[in-house]
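Listed below, chain by chain, are the residues.
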Amino acid sequence: MCSQFTVGSSIRAYKEFFPQSQIYGADIDRDTLFSEDRIQTTYVDQLQPDTFEEMHRVFGSPNYDIFIEDGLHSFVASLNSLNFALKYTKKGGVIILEDLTNTQNIWSLMTTALIARGYDARLIACRGLMLVVKL
């Protein structure tokens with residue numbers, strides 16, 4: 001992590017923006033993990049799907065209102081995150097995958113597939129790509 005950033009700044013911003021919420025975060029870098037009032041973080045390796053299940057157990061197996069992925073920025077990592085989020089995000093919830101790499105328009109195809117399965121999915125291009133899925 002770059003020295004100009006403070007560990008946990010983004011997740012603390014979510015805590016402030018959503019004052020009634022429990023905030024969960026995960027990272028592969030164990031040195032960035034912490035817990036405080038309404039925030040709990042734990043380890044996950046986006047390239048290892050079983051670590052998502054372990055993360056979920058550590059958090060007490062909640063269903064999420066909002067799932068935001070801003071991690072490794074590789075197709076496989078984002079796809080693993082999406083697969084997990086589709087399983088554990090509440091109906092009416094939102095999944096956001098940020099800073100996607102779109103090699104050969106794969107996320108355009110993925111968005112089309114999600115829409116075909118009945119999801120409200122949008123791929124947004126604005127100085128990068130973001131997939132937003134409403135369940």
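Since the model is a prediction, treat every value here as computed from it, not as a measurement. (Residues numbered from 1 in each chain as written. Predicted model: local features only at pLDDT ≥ 70, side-chain atom pairs only at ≥ 80, totals over all residues. Heavy atoms only, no water.)

### Details of the pattern of salt bridges
Item 1. Inspection of every chain in the model, using the stated rule, returns six salt bridges.
Item 2. The salt bridge partner of Arg12 is Glu36, with a shortest N-O separation of 2.9 Å. Within this pair, whereas Arg12 is found in helix α1 (residues 9-17), its partner Glu36 is found in strand β2 (residues 35-36), the two being separated by 24 residues in sequence.
Item 3. Salt-bridge contacts for Lys87 lead to Glu53; the nearest nitrogen and oxygen are separated by 3.5 Å. Placement of Lys87 in helix α3 (residues 75-88) and of Glu53 in helix α2 (residues 49-58) is noted, with a sequence separation of 34 residues between them.
Item 4. The class of Glu53 is partly exposed, set by a relative accessible area of 23%.
Item 5. Members of the salt-bridge network, linked through shared partners, are Arg12, Lys15 and Glu36. (Salt bridge = Lys/Arg side-chain N within 4 Å of Asp/Glu carboxyl O. Helix = DSSP H or I, 4+ residues; strand = E, 2+ residues; numbered from the N terminus. Buried < 20%, exposed > 50% of the residue type's maximum accessible area, 1.4 Å probe, protein only.)

### Observations regarding the sheet that holds strand β1 (residues 23-27)
Item 1. On the basis of which strands lie adjacent, the open sheet formed by three strands has the order β1-β3-β2 and mixed pairing. Across the chains shown, the open sheet's two edge strands, defined by having one partner strand only, are β1 and β2.
Item 2. Of the pairings in the sheet, the one linking β1 to strand β3 (residues 39-43) comprises five bridges and is parallel in character. In the sheet register, Asp27 faces β3, and the bridge partner there is Tyr43.
Item 3. Set on the sheet, α1 makes contact with β1, β2 and β3; between it and β1 the angle comes to about 165°.
Item 4. With respect to the sheet, α2 is in contact with β1 and β3, its orientation differing from that of β3 by roughly 150°. (Pairing = 2+ DSSP bridges. Contact = heavy atoms within 4.5 Å. Axes fitted to C-alpha atoms, helices over the stretch in contact; angles between N-to-C directions.)

In short, geometric facts, not functional conclusions.
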